[in-house]
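Residues per chain are reported as follows:
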Amino acid sequence: MEQPQANFSLMKQLIFASNNIHKADEIRALLNNGFEIITLKEAGIDIDIPEPHETLEKNASEKSTTIFKITQKDCFSEDSGLEVAALHGAPGVRSARYAGDTSNATDNNMLLLKNMRDISNREAQFKTVISLILNGEEIFFEGTCKGSIAYEPSGVDGFGYDPIFIPEGHNQTFAELGLSVKSKISHRKNAIAKMNDFLQSIK
Ligand code: IMP
């Protein structure tokens, strides 16, 4: 007699400690097969995790550790920011709130351009830090994207500082270049590629 087949997936689940569906989709597109990325909402977790720390590493760690404590399951989080050399790494970990706690991307971009008005060194980089907790062990992955700060915003694609960030090797902003270029060279892409290599190596 034919035995009924168990309906289970061989995909290993990784909870992404975020409810940002755009980031989750971006990450799903970048990770190779074998891992199922589920957002907090999809995992049935309703929580808003604060980002109170002074470094991207600590904020990323806070998010993944919080989710691990709740679920005891494999999970990861990421925290990103823009670091401007002439501003000693600002806005950095405060990128989302640079112009104040209720600021939006336009406010942040305008303040950054104002603060750099008389500065000719426009060197900057985006940085992403991922904290992965796998089998209870935490591992970090970092990705950067070097570039420079434009003198005025251009382009409509993307989010955050994309209209004023010109990646190295290009003469247009991320917001002008669009996702097809950004997704190949971004800080987030570089960090995820490292996590992907690691996950593939232990499969
Ligand atoms: P988060 O870690 O994704 O929340 O990023 C914090 C802030 O950094 C965002 O609110 C943006 O202002 C900025 N940021 C992070 N990644 C990007 C990016 O890819 N493009 C533009 N801005 C970004």
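Look up: the structure comes first, before these words.
Since the model is a prediction, treat every value here as computed from it, not as a measurement.

Chemist: Got a minute to help me understand helix 2 (residues 56-71) in this structure?
Modeler: Residues spaced three or four apart along an α-helix face the same direction, because each turn holds 3.6 residues. The end-to-end C-alpha separation of helix 2 is 23 Å, in line with the 22 Å expected for 16 residues at 1.5 Å each. For helix 2, the full list of buried residues reads L56, N59, A60, S61, K63, S64, I67, F68 and T71. Along its buried surface, helix 2 packs onto strand 1 (12-16), strand 3 (75-84), strand 5 (123-134) and strand 6 (137-149). Positioned one or two residues after helix 2, Q72 has a phi angle of 60°, which is positive.

Chemist: Hey, could you run me through the site of the ligand in this one?
Modeler: Around the ligand there are 15 residues in total, and K23, S80, D162, K182 and H187 lie nearest to it. A distance of 2.8 Å separates an oxygen atom of the ligand from a polar backbone atom of S80. Side-chain polar atom of K182 to an oxygen atom of the ligand: 2.7 Å apart, as the coordinates give it. About the coverage of the ligand: the protein hides 88% of its 480 Å² of free accessible area. Those elements that place two or more of their residues in the shell around the ligand are strand 3 and helix 6 (187-201). Here the element with the most residues in the shell around the ligand is strand 3; it accounts for four residues. Its residues assigned to classes, the shell around the ligand comprises four nonpolar, five polar and six charged.

Chemist: It is not clear to me how the packing of aromatic side chains should be interpreted in this structure. Could you clarify?
Modeler: By the definition in use, this model includes five aromatic pairs. Geometrically, the ring pair formed by F165 and F174 is tilted, given 5.4 Å between the ring centres and 40° between the ring planes. What links up through ring pairs into an aromatic cluster is the set F126, F165 and F174. The aromatic ring of Y151 is capped on one face by R122, whose charged end is 3.8 Å from the ring centroid.

Chemist: What exactly am I supposed to notice about the side chain of T128 here?
Modeler: Counting through the fold element by element, T128 comes out in strand 5. Judged by its relative accessible area of 0%, T128 is buried. A polar atom in the side chain of T128 sits 3.5 Å from the backbone nitrogen of R188. Discounting residues that sit within four places of it in the chain, T128 has contacts with E78, D79, S80, F141, E142, G143, H187, R188 and A191.

Chemist: What exactly am I supposed to notice about helix 6 here?
Modeler: Here helix 6 contains 15 residues, and its C-alpha end-to-end distance of 21 Å stays within 8% of the 21 Å for a straight helix at 1.5 Å per residue. Residues of helix 6 that are buried: H187, R188, A191, I192, M195, N196 and L199. Mapping the buried residues of helix 6 onto a view down its axis gives an arc of 165°, with all of them on the same face. Exposed residues pointing more than 90 degrees away from the buried face of helix 6 are listed as D197 and S201. The N-cap residue of helix 6 is S186: its side-chain oxygen and the backbone nitrogen of R188 are 3.3 Å apart.

Chemist: In this structure, what is going on with the pairing of strand 6? I would like to understand it.
Modeler: Working note: regular strand, side chains alternate between the two faces of the sheet. In the sheet, strand 5 pairs with strand 6 via twelve bridges, with the strands oriented antiparallel. By the bridge assignment, Q125 is partnered in strand 6 with K146. For strand 6 and strand 7 (residues 165-167), the ladder comprises three bridges, and the chain directions are antiparallel. Among the inter-strand pairings, G147 is bridged to a residue of strand 7, identified as P167.

Chemist: In this structure, what is going on with the layout of surface pockets? I would like to understand it.
Modeler: Unfilled space is identified by rolling a water-sized probe across the atoms. The volume enclosed by the largest pocket comes to roughly 730 Å³. In this structure, the largest pocket is lined by 32 residues; those nearest its centre are K23, S80, F159, G160 and R188. For the lining of the largest pocket, the elements supplying multiple residues, two or more each, are helix 1 (21-30), strand 3, helix 3 (105-115), helix 5 (179-185) and helix 6. In terms of residue count, strand 3 provides more of the lining of the largest pocket than any other element does, five residues in total. Lining the second largest pocket we find 15 residues, and of these A17, S18, I49, E51 and K63 sit closest to its centre. Taken together, the residues that form the lining of the second largest pocket break down as six nonpolar, four polar and five charged.

Calculation criteria
- Residues numbered from 1 in each chain as written.
- Predicted model: local features only at pLDDT ≥ 70, side-chain atom pairs only at ≥ 80, totals over all residues.
- Heavy atoms only, no water.
- Helix = DSSP H or I, 4+ residues; strand = E, 2+ residues; numbered from the N terminus.
- Expected span 1.5 Å × (residues − 1).
- Buried < 20%, exposed > 50% of the residue type's maximum accessible area, 1.4 Å probe, protein only.
- Contact = heavy atoms within 4.5 Å.
- Near = heavy atom within 4 Å.
- Polar contact = N/O pair within 3.5 Å; in protein donor to acceptor, adjacent residues only side chain to side chain.
- Areas by Shrake-Rupley, 256 points an atom, 1.4 Å probe, with all protein chains shown as cover.
- Nonpolar A, V, L, I, M, F, W, Y, C, P; charged D, E, K, R; others polar.
- Phe/Tyr/Trp six-rings, centres within 6.5 Å; stacked < 30°, edge-to-face > 60°.
- Lys NZ or Arg CZ within 6 Å of the ring centre and 35° of its normal.
- Arc of directions from axis to C-beta.
- Pairing = 2+ DSSP bridges.
- 1 Å grid on protein atoms, 1.4 Å probe; cavity = no way out; pocket = protein on both sides within 12 Å on 5 of 7 lines; lining within 4 Å.
- Points joined across faces, edges and corners; volume = space filled by probe spheres on them.

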